[in-house]
Amino acid sequence: MGKRVIIIRYGEIFLKGKNRSYFESLLIKNVKFALDKLLGEGGYAFKRSQARYSIEDYSELKEAEIVDRLTKIFGIHSLSVAMKVPSDAENNFEAIKQAMIPLAEELEEENTLLDPTFRVTVKRADKRIPIPSYEIAAELAGTVLRHTSFKVDLKRYDYDFEVDIRETGDAYVYSKVILGAGGLPVGCSSKGMLLLSGGIDSPVAAYMMAKRGMKLVAVHFASPPYTSELAKQKVVRLRNIVEDYTSRMKLFVVPFTEIQLAIHEHCPAEYMITIMRRFMMRIATKLAEQQDCKAIITGESLGQVASQTVESMTSTESCAGLPIFRPLIAFDKEETMDIAKKIGTYDTSIEPFEDCCTVFLPKNPAIKPRLERVMQAEQALDIDALVEKAMSGIEKY
Ligand code: ATP
Ligand code: MG
């Protein structure tokens with residue numbers, strides 16, 4: 001009797017006022033993107049009532065996977081797997097009681113507490129039922145008492161059996177709350193252009209910005225034939241993994257070889273990296289304009305390598321026409337790696353493929369490049385033409 005459904009609750013505190021429907025529409029879009037990808041468009045039903053959504057009519061075999069996907073969507077506060085049954089009020093709530101038995105038995109089996117206590121919380125939106133909520137709760141508590149060793153404690157309870165009786169005559173019954181990802185729904189904090197390498201840091205940077213609601217478009221600089229097709233495929237795979245958190249993230253791949261060769265040939269080796277990164281910023285800025293992005297995001301962390309000193313970042317930054325956000329700036333590598341493992345990008349990131357930055361890596365890069373010197377060195381290049389050429393070769397994935 002009844003069926004299993006997944007209830008989604010979102011962070012209502014953030015969703016007051018006129019932004020609410022906008023936030024909701026983004027959240028719905030992101031949930032649908034995730035579940036369409038997992039189940040196909042017809043593989044589930046999305047229902048909404050008041051401030052709650054539920055996922056219904058899915059294959060139970062996929063339930064754990066669906067829950068897993070949903071816990072990665074920012075803006076979702078918590079989830080519960082519930083039994084949806086008719087309230088069956090005229091029959092002394094028999095259907096609800098039946099639904100509570102397996103929930104109670106499961107908790108009893110898992111319980112490790114000494115004198116476990118519980119309560120039943122009833123929300124009765126269906127006012128056709130003349131019985132007050134606390135009386136319904138007392139009636140339902142009898143079922144838990146009969147099937148477990150738990151005792152009732154309305155104040156200091158270890159377990160809460162929640163029963164929502166809706167206007168529709170349906171009741172949702174559950175006993176567990178799964179914590180969601182928190183954050184803000186992706187899309188509510190404008191769009192950013194992410195510099196996505198094949199490394200550990202930049203996918204984590206994507207995750208961090210998505211958490212605060214930023215929609216991302218990714219750009220990757222590739223240097224064929226010095227970097228291989230497999231290196232590019234690795235970046236595509238990283239994008240696909242991180243999309244569990246960022247929702248859809250377009251990926252553009254920029255041919256970077258010609259620029260690197262030109263720098264290599266015409267500029268002092270010590271400035272190779274700085275000048276290369278300045279080109280990345282120029283191209284990212286142009287692409288950002290086309291894609292309506294309002295910021296550039298990188299995975300840089302202070303002091304990690306020569307190109308990530310304050311001086312290096314300053315010399316790079318002056319070529320970006322947009323603010324650069326570096327969500328990992330104060331992270332230790334360890335901390336970033338922990339997140340990479342949590343979000344599932346780590347194993348892919350450490351696959352050994354060549355990166356465009358390492359191909360032309362000089363022996364002694366300038367650790368504190370002076371901007372005037374860098375700009376002087378750059379004069380040997382036809383910057384605009386190189387940027388134009390690279391832009392015209394961009395491929396979309
Ligand atoms: P990551 O692990 O993200 O590659 P990293 O520690 O290797 O970072 P760098 O290689 O110096 O550091 O790169 C710093 C940042 O510059 C990266 O986090 C990324 O945002 C950007 N970046 C570097 N190489 C590329 C590339 N080939 N394409 C796009 N962005 C890049
Ligand atoms: Mg790198």
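Residues numbered from 1 in each chain as written. Chains lettered and ligands numbered in written order. Predicted model: local features only at pLDDT ≥ 70, side-chain atom pairs only at ≥ 80, totals over all residues. Heavy atoms only, no water.

A look at the overall build of the chain
- A count of helical and extended segments in the chain gives 14 helices and 15 strands.
- Relative to a compact globule of 397 residues, whose C-alpha radius of gyration would be 21 Å, the chain shows 27 Å and is clearly more extended.
- Summarising its shape, the C-alpha atoms of the chain cover approximately 85 × 40 × 35 Å along the three principal directions.
- Relative to its 397 residues, the chain shows a buried fraction of 54%.
- Nonlocal contacts in the chain, meaning residues at least 24 apart in sequence, comprise 81% of its contacts between residues at least 6 apart.
- Seen as two clouds, the 53 positive and the 55 negative side-chain charges of the chain have centres 4 Å apart. (Helix = DSSP H or I, 4+ residues; strand = E, 2+ residues; numbered from the N terminus. Rg over C-alpha atoms; globule rule 2.2 N^0.38 Å. Buried < 20%, exposed > 50% of the residue type's maximum accessible area, 1.4 Å probe, protein only. Contact = heavy atoms within 4.5 Å. Lys, Arg positive; Asp, Glu negative; His and termini not counted. Charge placed at Lys NZ, Arg CZ, Asp CG, Glu CD.)

A short note on the site of ligand 1
- Taken together, 23 residues sit near ligand 1, with Leu195, Ser197, Asp201, Ser202 and Gln304 positioned nearest.
- Contact distances for ligand 1 include 3.5 Å between a nitrogen atom and a backbone N or O atom of Leu196.
- The separation between an oxygen atom of ligand 1 and a polar side-chain atom of Asp201 is 2.7 Å.
- For ligand 1, whose unbound accessible area comes to 570 Å², protein coverage reaches 90%.
- A per-element tally of the shell around ligand 1 places strand β11 (residues 215-222) first, with 3 residues.
- Split into classes, the residues belonging to the shell around ligand 1 amount to 9 nonpolar, 9 polar and 5 charged. (Near = heavy atom within 4 Å. Polar contact = N/O pair within 3.5 Å; in protein donor to acceptor, adjacent residues only side chain to side chain. Areas by Shrake-Rupley, 256 points an atom, 1.4 Å probe, with all protein chains shown as cover. Nonpolar A, V, L, I, M, F, W, Y, C, P; charged D, E, K, R; others polar.)

Observations regarding the sheet that holds strand β14 (residues 324-325)
- Taken in spatial order, the 6 strands of this open sheet run β14-β13-β10-β11-β12-β15, and their pairing is mixed. Only two strands of the sheet have a single neighbouring strand rather than two, namely β14 and β15 (395-396).
- As paired strands, strand β12 (residues 251-255) and β15 are joined by 2 bridges and run antiparallel to one another. Looking at β15, one finds that Val253 is bridged to Glu395.
- Helix α6 (residues 229-246) contacts β11, β12 and β15 of the sheet and is inclined by roughly 155 degrees relative to β12. (Pairing = 2+ DSSP bridges. Axes fitted to C-alpha atoms, helices over the stretch in contact; angles between N-to-C directions.)

What about the domain arrangement of the chain?
- Once the domains are mapped, the chain shows domain 1 (3-179) and domain 2 (191-396).
- Domain 1 and domain 2 are separated by 44 Å when their C-alpha centres are compared.
- Taken together, the contact between domain 1 and domain 2 spans 6 residues of the former and 9 residues of the latter.
- Surface buried jointly by domain 1 and domain 2 totals about 850 Å² across both partners, of which 54% is contributed by carbon and sulfur atoms. (Domains from an automatic or database assignment. Buried area = accessible area lost by both parts, 1.4 Å probe.)

Some details on the environment of Ala218
- Looking at the secondary structure, you find Ala218 in strand β11.
- Of the residues examined, Ala218 reaches a relative accessible area of 0% and is grouped as buried.
- Separated by 92 residues in the primary sequence, Ala218 and Val310 have C-alpha atoms spaced 24 Å apart.
- What Ala218 contacts, discounting residues up to four positions off in sequence, is Met193, Leu194, Leu196, Met249, Lys250, Leu251 and Phe252.

A look at the packing of helix α5 (residues 201-211) against α6
- Look at α5 against α6: their axes get within 9 Å of each other, and the N-to-C directions meet at 15 degrees. Judged on the interaxial angle alone, α6 and α5 are roughly parallel. Viewed along their axes, α5 and α6 form a crossing whose handedness is right-handed. The segment α5 lies against α6, with Pro203, Ala206, Tyr207 and Ala210 engaging Leu238, Val242, Tyr245 and Thr246.
- In terms of residue class, the contact of α5 with α6 is made up of 7 nonpolar, 1 polar and no charged. (Parallel < 35°, antiparallel > 145°, perpendicular 65-115°, else oblique. Left-handed = near helix turned anticlockwise from the far one by under 90°.)

Digging into the pairing of strand β3 (residues 52-56)
- Burial analysis of β3 places 5 of its 5 residues in the buried class, which makes it a mostly covered element.
- Burial along β3 is two-sided: the residues Arg52, Ser54 and Glu56 and Tyr53 and Ile55 are all buried.
- As paired elements, strand β2 (residues 45-49) and β3 share 5 bridges and run antiparallel to each other. Looking at β3, one finds that Phe46 is bridged to Ile55.
- Hairpin geometry of β2 and β3 is characterised by an intervening segment of 2 residues between the two adjacent antiparallel strands and by a positive phi of about 50 degrees at Gln50.

Thoughts on the packing of α5 against helix α10 (residues 333-343)
- One can describe the packing of α5 onto α10 by two numbers: an axis separation of 9 Å at closest approach and a directional angle of 75 degrees. By the angle class used here, α5 and α10 are roughly perpendicular. Counted together, Asp201, Pro203, Val204, Tyr207 and Met208 of α5 and Lys333, Thr336, Ile339, Ala340, Lys342 and Ile343 of α10 form the full contact between these two elements.
- The class makeup of the residues in the contact of α5 with α10 is 7 nonpolar, 1 polar and 3 charged.

Topic: the nonpolar core
- Residues Phe221, Phe256, Ile263, Ile275, Phe279, Ile283 and Leu381 are the most contacted members of the largest nonpolar core, which totals 40 residues.
- At the level of secondary structure, the elements contributing two or more residues to this core comprise β10 (191-195), β11, β12, α7 (257-266), α8 (272-290), α13 (371-378) and α14 (383-392).
- With 10 residues, the top contributor of residues to this core is α8.
- Discounting chain neighbours no more than four positions away, the residues touching Ile283 are Phe221, Val254, Phe256, Ile259, Val387, Ala390 and Met391.
- With 30 residues, the next largest nonpolar core counts Met214, Leu216, Met249 and Leu251 among its residues. (Core = buried A, V, L, I, M, F, W, Y, C linked by side-chain atoms within 4.5 Å.)

Topic: the pattern of salt bridges
- All chains considered together, the criterion is met by 33 salt bridges.
- Residue Lys47 is joined to Glu56 by a salt bridge in which the shortest nitrogen-to-oxygen separation is 3.4 Å.
- Since its relative accessible area comes to 0%, Glu56 is described here as buried.
- Glu243 is the partner of Arg239 in a salt bridge, and the nearest nitrogen-oxygen pair spans 4.0 Å. Taken as a pair, Arg239 and Glu243 lie in helix α6 at a separation of 4 residues, close to a single helical turn.
- For Glu243, a relative accessible area of 9% corresponds to the buried category. (Salt bridge = Lys/Arg side-chain N within 4 Å of Asp/Glu carboxyl O.)

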